[in-house]
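Chains, contacts and geometry: an overview
The chain contents come next:
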Amino acid sequence: AQSVTQLGSHVSVSEGALVLLRCNYSSSVPPYLFWYVQYPNQGLQLLLKYTSAATLVKGINGFEAEFKKSETSFHLTKPSAHMSDAAEYFCAVNSGGYQKVTFGTGTKLQVIP
Amino acid sequence: ETGVTQSPTHLIKTRGQQVTLRCSSQSGHNTVSWYQQALGQGPQFIFQYYREEENGRGNFPPRFSGLQFPNYSSELNVNALELDDSALYLCASSLRLAGGRSTDTQYFGPGTRLTVL
């Protein structure tokens, strides 16, 4: 079984401030973990993924995430928020024999000018 | 390289009707997964098709069915539509390698917004 919990359905940060979006996972086998971003009325775009290589994963648009097995976490960070980062972010896990991906409920990021 | 495309973009149906949604996978990909995203929620896995066969299914009733064609494109069919079927339906394609689990990512299309009245 696999599951994802995203803490905080809404997060607000000031432009230029640190972005931290939290994700905890549950998986019976070593997981693959993903962060996706969704802009209004659009599909999902991959930000980054963890596939058991380096625990610190760098993605697009300056985002990165760190896999911490002891904490079963995969939090997403960005040092300095930009207005264009305002969107909904989804953490996802894949630990099935087939590529079933389980998504969290999402975190809406608001960037305040 | 062509990305994942879906049609139609929007669709309005009434309860009891049937609907077919279409997805063209990204060039080189052999696997298609379908997700339902209700308003304000994360995507929920419906099923996956690999080599024209269903290869895993989420918690959805049999009135949700699908097909995958030799060119790896796919259809999602929903019969006897209910109001709760109103959602964004997302298709994702990926490459599954021989021998089991693939590390490749699922790439999503823009979705089809279905409204059931």
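Here, every reference points to the structure presented above.
The structure contained in this document is the topic of the report that follows. (Residues numbered from 1 in each chain as written. Chains lettered and ligands numbered in written order. Predicted model: local features only at pLDDT ≥ 70, side-chain atom pairs only at ≥ 80, totals over all residues. Heavy atoms only, no water.)

**Describing the packing of aromatic side chains**
The relative placement of two aromatic rings is captured by the distance of their centres and the angle of their planes. In total, this model carries 14 aromatic pairs over all chains according to the counting rule given. Taken together, a centroid distance of 5.8 Å and an interplanar angle of 25° make the contact between Y25 of chain A and F67 of chain A stacked. Remark: F67 of chain A occurs in strand β7 (residues 64-68) and Y25 of chain A occurs in strand β3 (residues 19-27); sequence separation between them is 42 residues. For the pair formed by Y25 of chain A and F67 of chain A, the shared burial category is buried. Ring geometry for F60 of chain B versus F64 of chain B: centroids 5.1 Å apart, planes at 65°, classification edge-to-face. Accessibility assignment for this pair places F60 of chain B and F64 of chain B in one class, buried. Clustering of aromatic rings is evident, with ring pairs tying together F34, Y36, F90 and F103 of chain A together with Y35, F45 and F108 of chain B. Residue placement shows R96 of chain B over the ring face of Y50 of chain B; its charged tip is 4.5 Å from the ring centre. (Phe/Tyr/Trp six-rings, centres within 6.5 Å; stacked < 30°, edge-to-face > 60°. Helix = DSSP H or I, 4+ residues; strand = E, 2+ residues; numbered from the N terminus. Buried < 20%, exposed > 50% of the residue type's maximum accessible area, 1.4 Å probe, protein only. Lys NZ or Arg CZ within 6 Å of the ring centre and 35° of its normal.)

**A short note on the pattern of salt bridges**
Close approach of charged atoms lets side chains of opposite charge pair. Residue and element names in this part refer to chain B. This structure, assessed with the given rule, holds 6 salt bridges over all chains. The residue E75 makes a salt bridge to R22 at a minimum N-O spacing of 3.5 Å. You can see E75 sitting in strand β8 (residues 74-78) and its partner R22 sitting in strand β3 (residues 19-24), a full 53 residues away along the chain. The exposure class assigned to E75 is buried, which follows from its relative accessible area of 14%. Given a relative accessible area of 42%, R22 falls into the partly exposed group. For E54, the salt bridge is made with R57, and the minimal N-O distance between the two is 3.1 Å. Residues joined by salt bridges that share partners form a network here, namely R63, E82 and D85. (Salt bridge = Lys/Arg side-chain N within 4 Å of Asp/Glu carboxyl O.)

**Notes on the interface of chain B and chain A**
Interfaces are often described in size by the accessible area the parts lose on coming together. Residue-level contacts link 27 residues of chain B with 25 residues of chain A. Summed over both sides, the interface of chain B with chain A buries roughly 2000 Å², with 49% coming from carbon and sulfur. Linking chain B with chain A are 0 salt bridges. Tallied by class, the residues present in the side of chain B that touches chain A amount to 8 nonpolar, 14 polar and 5 charged. (Contact = heavy atoms within 4.5 Å. Buried area = accessible area lost by both parts, 1.4 Å probe. Nonpolar A, V, L, I, M, F, W, Y, C, P; charged D, E, K, R; others polar.)

**Section: the sheet that holds strand β7 (residues 64-68) of chain B**
Residue and element names in this part refer to chain B. On the basis of which strands lie adjacent, the open sheet formed by 4 strands has the order β1-β3-β8-β7 and antiparallel pairing. Of all the strands in the sheet, just β1 (5-7) and β7 have a single pairing partner and so form its edges. Strand-to-strand twist of the sheet, defined as the mean angle between neighbouring strand axes without regard to direction, takes the value 20°. Alignment of β1 against β3, held across 3 bridges, turns out to be antiparallel. (Pairing = 2+ DSSP bridges. Axes fitted to C-alpha atoms, helices over the stretch in contact; angles between N-to-C directions.)

Bear in mind that shape data such as this cannot, by itself, settle questions of function.
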